[in-house]
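Residue-level listing of the chains:
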Amino acid sequence: MSNEALNLDEIDRRILNALQIDASHTNAELAELVHVSAPTCLRRVKQLIERGVIERQVAIVSPDKAGARLSAIVEITLDVQAADRMQEFENVVADEPAVLQCYRVSPGPDFVLMVQVADMPAYHALAHHLFTTHSNVRNVKAYFSTFRSKFETRIIV
């Protein structure tokens, strides 16, 4: 599917906003929230999924309560920025569950990673596994969260 933004009407926007707040609503509850009939709501949600607007529905887990207490934002600079070497690095981090997000960025480092691990020894093991053994990694700069003041997954549609 194309990365091009799709035209969303007001009903689509209401559905998306409601689901981003709480995706556990039944179809009947969601329909009532967004002021459409249940069959219309179900059809619209299915279309949003088919069109790739809704990528997936997930539960948001508390890192502290799940034992992943250390959050890190990690900047990575590669020695060689050729397309195949960038893709190679992306493939390595894509297979690592502790890497929650990976962004190619510019200017500055080549990548910014959002990492969630249990503690500093777990981060050290991850860093050794992903960064020090990868021959194309030139520089790693990590920032460790001391307090999370905001965390949001919702986008404004």
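Anyway, here's the lowdown on the structure attached to this text.

About the cut-offs
- Along each chain, the written sequence defines residue order, and numbers are assigned to residues from 1.
- Thresholds applied to this predicted model are a pLDDT of at least 70 for local features of residues and 80 or more for the giving and counting of side-chain atom pairs; totals over whole chains, interfaces and linings are not thresholded and use all residues.
- Based on all heavy atoms of the structure, the side-chain values leave hydrogens and waters out of the count.
- Numbering of helices and strands runs from the N terminus; a helix is a DSSP stretch of H or I covering at least four residues, while a strand is a stretch of E covering at least two.
- Our radius of gyration looks at C-alpha atoms and nothing else; its globule reference is 2.2 Å times the residue count to the power 0.38.
- At least two DSSP bridges between two strands are required for those strands to pair.
- Orientation is described by lines fitted to C-alpha atoms, with helices fitted over the stretch in contact, and by angles between N-to-C directions that extend from 0 to 180 degrees.
- We call two residues contacting when some pair of their heavy atoms lies within 4.5 Å.
- For the purposes of this section, nonpolar cores are sets of buried Ala, Val, Leu, Ile, Met, Phe, Trp, Tyr and Cys residues that join through side-chain atoms within 4.5 Å.
- Any residue under 20% of the maximum accessible area for its type is buried, any over 50% is exposed, and the rest in between are partly exposed; the area is computed with a 1.4 Å probe on protein chains only.

### Topic: the overall build of the protein
The number of helices and strands found in the protein is six helices and four strands. Its helices and strands taken in sequence order, the protein reads α-α-α-α-β-α-β-β-α-β from the N to the C terminus. Taken over C-alpha atoms, the radius of gyration comes to 20 Å for the protein, far larger than the 15 Å a tight globule of 157 residues would show. C-alpha atoms of the protein, sized along the principal axes, occupy 55 × 35 × 25 Å.

### Overview of the sheet that holds strand S4 (residues 137-144)
What holds strands together in a sheet is hydrogen bonding between their backbones, with the strands either parallel or antiparallel. Taken in spatial order, the four strands line up as S2-S3-S1-S4 in an open sheet, and their pairing is antiparallel. The sheet is open, and its two borders are formed by strand S2 (99-104) and S4, each paired with just one other strand. Neighbour-to-neighbour, the strand axes of the sheet open up by a mean angle of 20 degrees, direction not taken into account. Set on the sheet, helix H6 (residues 120-132) makes contact with strand S1 (70-78), S2, strand S3 (111-117) and S4; between it and S4 the angle comes to about 160 degrees.

### Some thoughts on the nonpolar core
Ranked by internal contacts, the top residues of the largest apolar core, which has 20 residues, are Val74, Ile76, Phe89, Leu113, Val115, Tyr123 and Phe131. Leaving out residues up to four positions away in the same chain, Val74 has contacts with Phe111, Val112, Leu113, Val115, Tyr123, Phe131, Val140, Lys141 and Ala142.

### Observations regarding unusual backbone geometry
When glycine is set aside, most residues are seen to have a negative phi, and most peptide bonds are trans. In this model, Ser106 is joined to Pro107 through a cis peptide bond whose omega is -10 degrees. Looking at where Pro107 falls in the secondary structure, it is placed in the loop between S2 and S3. Its identity is not glycine, yet His35 carries a phi of approximately 65 degrees, on the positive side. Mapping His35 onto the fold places it in the loop between helix H2 (27-34) and helix H3 (38-50). A relative accessible area of 66% means that His35 is categorised as exposed.

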